[in-house]
Amino acid sequence: MRRAYKFLLRPTVRQARALTEMLADHCSLYNGALQERRDAYRHVSKTSVKYGMQSAQLKDIRSFDPERQGRWSFSSQQATLRRLDKAMQAFFRRVKAGETPGYPRFRGVNWFDTAEFPRDGDGCRWNSTPEDRQTRVRFQGVGHVRVHQHRPVKGRVKTVSVKREGRRWYVILACDQVPAEPLPKTGSVVGIDLGIAHFLTDSDGNHEPNPRPGRTMAGFLADAQRTLSAFPRCKAEDRTKKHRVAVEEVVKLHRKVRLQRLDHAHKAAFALVGAHDVIAHEKLNIVGMVRAPKPKPAPEQPGVFLSNGAAAKAGLSKSIHDAGWGVFLGILAHKAESAGRVVIPVDARNTSRTCPPSAGGCGHVSGDNRTQEKFKCVECGFTANADHVGALNVLHRAGPVLCQAA
């Protein structure tokens, strides 16, 4: 199996400046390659430039500009060109599928925050073994940078990436051949229902509270962004010290919210994986759930649109984003695979509107038999917590999958 490790870097002032210059030059290479593709398609009879053509030009680019491009790893620059190629392939795929195309954009220096080294030992060096803790990692053109390795690395290091988050630097290791660490069997099977009032409710009736980190920090974020908005927009080199402090305060608060959400997701997933052998959850289309509704044109009134509930939908979408369901489900699947557990996604339609047969209900499906907290069947009168009913139905739908696996 595969696993990623993320460790904090502690570069010196000179090394931090070199890392910043490395990202800026990779950004320049990315934007230049994108400009070449656009110009070739527009002005040279709609000619498409491929990755192989641009990679073949890289040697000449490095020799022409040795101060900027020639001092960095050749393989990492190839990875940047490959990154652009993947973005272009995704663009053409969306065009063929009839989706919103989303043509790749030029990247600003502050938005280009990652450089990848495809192979350990080619432009970078990670010398750690599973028993040792690494104290430094070497990057070509930067030197040996101190690294805070807080846990052992298992498996074979495949790629190494350096990433900037605000004023912090991280090294990310992508490893394969990571051995699984199966947990002892518990004999427990559970279904979970994700929600807003409670982060999740399991089929045993237990509720996991929703921490809502975004709502908790909303006031502090509003104050920080209000302070930042008082400064006029300007280039990074023209910012005053107070402007930079205001920017860093906003970045710090957003990072805190993200880390709080990530920490809660890890803890909730760890508790589920440790207590149950099989975990069933709803297969949610989160992107569709948070998408804004389309405007409703008024009949026989061109250019006039009716209210479509976008304001109320925006509040629900914000709460879904704040709960971080997608992050949690990804972490749950990864931890379950490592621990030898089974995760079963089931159809989410009408799980909260079906009278649960597994709890003595009649199985009737109705569109008007629940509130935010209470479920009441209009046929048999069965009453229970609405989220608990959803978890029971999720577990019931996972039954046929378990029978086939057995």
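As shown above, the structure is provided for reference.
Residues numbered from 1 in each chain as written. Predicted model: local features only at pLDDT ≥ 70, side-chain atom pairs only at ≥ 80, totals over all residues. Heavy atoms only, no water.

Enquirer: Got a minute to help me understand the side chain of Ser 338 in this structure?
Expert: Of note, Ser 338 is situated in helix H9 (residues 325-339). We classify Ser 338 as buried; its relative accessible area is 9%. Ignoring anything within four residues of it in the chain, the contact list for Ser 338 reads Met 1, Arg 3, Ala 180, Glu 181 and Pro 182. (Helix = DSSP H or I, 4+ residues; strand = E, 2+ residues; numbered from the N terminus. Buried < 20%, exposed > 50% of the residue type's maximum accessible area, 1.4 Å probe, protein only. Contact = heavy atoms within 4.5 Å.)

Enquirer: How should I be thinking about the sheet that holds strand S11 (residues 278-283) in this particular structure?
Expert: In any sheet, the strands associate via hydrogen bonds between backbone groups, in a parallel or an antiparallel arrangement. Taking strand neighbours across the sheet as the criterion, the five strands line up as S10-S9-S8-S11-S14 in an open arrangement whose pairing is mixed. Only two strands of the sheet have a single partner each, and these edge strands are strand S10 (207-209) and strand S14 (342-347). Taking the axes of each pair of neighbouring strands and ignoring which way they run, one obtains an average angle of 25° across the sheet. Here strand S8 (residues 189-194) pairs with S11 via three bridges, running parallel. Among the inter-strand pairings, Val 190 is bridged to a residue of S11, identified as Ile 279. Against the sheet, H9 touches S8, strand S9 (198-202), S11 and S14, its axis set at about 165° to S8. (Pairing = 2+ DSSP bridges. Axes fitted to C-alpha atoms, helices over the stretch in contact; angles between N-to-C directions.)

Enquirer: Mind showing me how you'd approach the packing of aromatic side chains here?
Expert: Within a pair of aromatic rings, the relevant descriptors are the distance that separates the centres and the angle that separates the planes. Under the defined criterion, the tally for this structure stands at seven aromatic pairs. Arranged with centres 5.4 Å apart and planes meeting at 35°, the rings of Phe 117 and Phe 139 form a pair that is tilted. Of this pair, Phe 117 sits in strand S2 (residues 114-117) while Phe 139 sits in strand S4 (residues 136-139), placing them 22 residues apart in sequence. Neither residue differs from the other here; Phe 117 and Phe 139 are each classed as buried. These aromatic residues form a ring-pair network of at least three members: Tyr 5, Phe 7 and Trp 126. Looking at Lys 6, its charged tip hangs above the ring of Tyr 170, at a distance of 4.6 Å from the centre. (Phe/Tyr/Trp six-rings, centres within 6.5 Å; stacked < 30°, edge-to-face > 60°. Lys NZ or Arg CZ within 6 Å of the ring centre and 35° of its normal.)

Enquirer: Could you clarify how one ought to interpret helix H3 (residues 74-97) in this entry?
Expert: Each α-helix winds once per 3.6 residues, and so residues spaced three or four apart point in a common direction. Counted at 1.5 Å a residue, the expected span for H3 with its 24 residues is 34 Å, and the 35 Å between its end C-alpha atoms agrees. For H3, every residue scored as buried is listed here: Ser 75, Ser 76, Gln 77, Gln 78, Ala 79, Thr 80, Leu 81, Leu 84, Asp 85, Met 88, Phe 91 and Arg 94. Considering only its buried residues, H3 is in contact with helix H1 (13-43), helix H2 (51-64) and S2. Sitting at the amino-terminal end of H3 is Ser 73, which places a side-chain oxygen 3.3 Å from the backbone nitrogen of Ser 75. (Expected span 1.5 Å × (residues − 1). Polar contact = N/O pair within 3.5 Å; in protein donor to acceptor, adjacent residues only side chain to side chain.)

Enquirer: Would you mind going over the nonpolar core with me for this structure?
Expert: Counting 26 residues, the largest nonpolar core has Leu 9, Trp 126, Phe 139, Val 162, Val 171 and Leu 173 as the members making the most contacts within it. At the level of secondary structure, the elements contributing two or more residues to this core comprise strand S1 (3-10), H1, S2, S4, strand S5 (143-148), strand S6 (156-165) and strand S7 (168-176). Here Leu 173 is in contact with Arg 3, Ala 4, Tyr 5, Phe 7, Trp 126, Val 153, Val 157, Thr 159 and Val 160, once residues within four sequence places are set aside. Counting 22 residues, the second largest nonpolar core, distinct from the first, contains Ala 268, Val 273, Ile 331 and Leu 332. (Core = buried A, V, L, I, M, F, W, Y, C linked by side-chain atoms within 4.5 Å.)

Enquirer: Is there a simple way to think about the side chain of Asn 31 in this case?
Expert: As for its placement among the helices and strands, Asn 31 is situated in helix H1. Of note is the side chain of Asn 31, whose polar atom sits 2.8 Å from the backbone nitrogen of Arg 107.

Enquirer: So what exactly am I meant to see when it comes to the sheet that holds S7 here?
Expert: Pairing in this open sheet of seven strands is antiparallel, and the strands run S2-S6-S7-S1-S5-S4-S3 from one edge to the other. Since the sheet does not close on itself, it has two edges, and those belong to S2 and strand S3 (124-125), each with one partner. With nine bridges connecting them, S6 and S7 associate as antiparallel partners. Considered in S7, the bridge of Arg 156 is made with Asp 176. Contacting S2, S5, S6 and S7, H1 runs over the sheet at an angle of about 85° to S2.

Enquirer: What is the right way to look at the state of the cysteines in this model?
Expert: Here, the word disulfide means a covalent bond between the sulfur atoms of two cysteines. A full pass over the atoms with the stated rule returns zero disulfides. Free of any disulfide, Cys 362 has its nearest neighbouring cysteine sulfur in Cys 377, separated by 3.6 Å. The exposure class assigned to Cys 362 is partly exposed, which follows from its relative accessible area of 41%. Accessibility expressed as a relative area gives 3% for Cys 377, which makes it buried. (Disulfide = S-S within 2.5 Å.)

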